[in-house]
Amino acid sequence: MKQLAYLGAAIILTGCASRPPMNVQATYLTDSPRHTIVESASNGASQIKYAGYVATVDKDTERALGGAILADIFDSSAIAEERTQNVSLRQVDPMGEAVTLNYQTLCSASGFRLSDLGLDTVDVDKNVKGTLKYQGTTWQIADNTLRDVLGNEYKIGGATVTHDGEILLEYFLDAYVGGFSSESYVWLNQTSDQADLLLATTLLNYTLSFEPIECGE
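Before going into details, it helps to say that this report is about the structure given with it.

Conventions we followed
Residues numbered from 1 in each chain as written. Predicted model: local features only at pLDDT ≥ 70, side-chain atom pairs only at ≥ 80, totals over all residues. Heavy atoms only, no water. Helix = DSSP H or I, 4+ residues; strand = E, 2+ residues; numbered from the N terminus. Expected span 1.5 Å × (residues − 1). Polar contact = N/O pair within 3.5 Å; in protein donor to acceptor, adjacent residues only side chain to side chain. Disulfide = S-S within 2.5 Å. Buried < 20%, exposed > 50% of the residue type's maximum accessible area, 1.4 Å probe, protein only. Phe/Tyr/Trp six-rings, centres within 6.5 Å; stacked < 30°, edge-to-face > 60°. Lys NZ or Arg CZ within 6 Å of the ring centre and 35° of its normal. Salt bridge = Lys/Arg side-chain N within 4 Å of Asp/Glu carboxyl O. Pairing = 2+ DSSP bridges.

**Some points on helix 2 (residues 194-209)**
Its 16 residues place the ends of helix 2 22 Å apart at the C-alpha level, agreeing with the 22 Å of an ideal helix rising 1.5 Å per residue. Capping of helix 2 at its N-terminal end is provided by D193; its side-chain oxygen lies 2.9 Å from the backbone amide nitrogen of A195.

**A closer look at the state of the cysteines**
Enumeration over the complete set of coordinates arrives at one disulfide. One disulfide bridge connects C107 with C215, the sulfur atoms lying 2.1 Å from each other. Judged by the torsion about the S-S bond (-75 degrees), the C107/C215 disulfide is left-handed. Of the two residues, C107 is situated in strand 6 (residues 98-114) and C215 in the segment after helix 2; the sequence distance between them amounts to 108 residues. C215 matches C107 in its accessibility class, with the two residues each being buried.

**Re the side chain of S32**
Residue position: S32 is located in the loop between helix 1 (2-18) and strand 1 (34-42). Within polar-contact distance, the side chain of S32 engages the backbone oxygen of L188 at 2.8 Å.

**So, the packing of aromatic side chains**
Applying the stated criterion across every chain yields a total of four aromatic pairs. An aromatic cluster is built from Y103, Y206 and F210, whose rings are joined through pairwise contacts. Cation over ring: R34 sits above Y185, and NZ or CZ is 3.9 Å from the ring centre.

**Overview of unusual backbone geometry**
For A159, which is not glycine, the phi torsion reads 65 degrees and is therefore positive. Looking at the secondary structure, you find A159 in the loop between strand 11 (153-157) and strand 12 (160-163).

**Quick look at the pattern of salt bridges**
Between side chains of opposite charge, pairing is possible as soon as their charged atoms come close. By the definition in use, this model includes four salt bridges. Taking the shortest distance from any N to any O, the salt bridge between K59 and E211 comes out at 3.3 Å. Here E211 lies in the segment after helix 2 and K59 lies in strand 3 (residues 53-59), a separation of 152 residues in the sequence.

**Topic: the pairing of strand 14 (residues 181-188)**
The two faces of the sheet receive side chains in turn, since in a regular strand these alternate between them. Relative to strand 14, strand 1 runs antiparallel, the two sharing four bridges. Following the sheet pairing, T36 is matched in strand 14 by Y185. By the bridge criterion, seven bridges tie strand 13 (residues 166-178) to strand 14 in an arrangement that is antiparallel. Within strand 14, the residue paired with A175 across the bridge is E183. Linking strand 13 back to strand 14 in an antiparallel pair, the connection comprises two residues, with G179 at a positive phi of about 60 degrees.

**Focus on the pairing of strand 11**
With burial as the criterion, only one face of strand 11 is covered, namely that bearing Y154 and I156; the residues E153, K155 and G157 on the opposite face remain uncovered. Bridge count for strand 10 (residues 145-147) against strand 11 is three bridges, and the pairing is antiparallel. Its bridge partner being in strand 11, R147 is matched across the sheet by E153. Connecting strand 10 to the antiparallel partner strand 11 that follows it, the hairpin turn spans five residues, and G151 within it adopts a positive phi of roughly 90 degrees. Both strand 11 and strand 12 contribute to a ladder of four bridges, which runs antiparallel. Among the inter-strand pairings, Y154 is bridged to a residue of strand 12, identified as H163. Connecting strand 11 to the next strand, strand 12, in antiparallel fashion are two residues, including G158 with a positive phi near 65 degrees.

Given below as structure tokens:
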């Protein structure tokens, strides 16, 4: 049995050794330098760093209200549950300019689950709500987008963050670099405004640090 275990480990290690590291290059911001995203955690907070930008993320302990109310009939349970978590993300750019995004993740579930009858009417709703205030403007976070009351948007998707059709940054996550290691990269548009890059990096780091919460299980 030990010989089989050693053989299995050798196969895994050989597979890792034979797999070439990924040579990741920018698709859009080809004239911009590549920066490695470094994530760390200490004392309950986490940090994300790259290109002189630093994001500090603080998360409250997840809070639950209600839960499954067990019943004897049909081995069923009535579900009435809500879970929330408050998050604060403080983003600082290389010039020392800072902005804070405060948001709350929510998960609510309600309905009945009758296992014996194969009936499940539990409806689960998940959403995020939060705000960011910068230079006299309030931005709302929703669907991986920062949006103000006038409809202006900073949007993340397709490995980029854009604003008014301009690509502010590009990223690539979890590129294999050898062994059991991977790295994530970001490219910043060197011609973009400092304020645009501050909000764009805030949105990227929100996405990197976001953790959905579960309810109604």
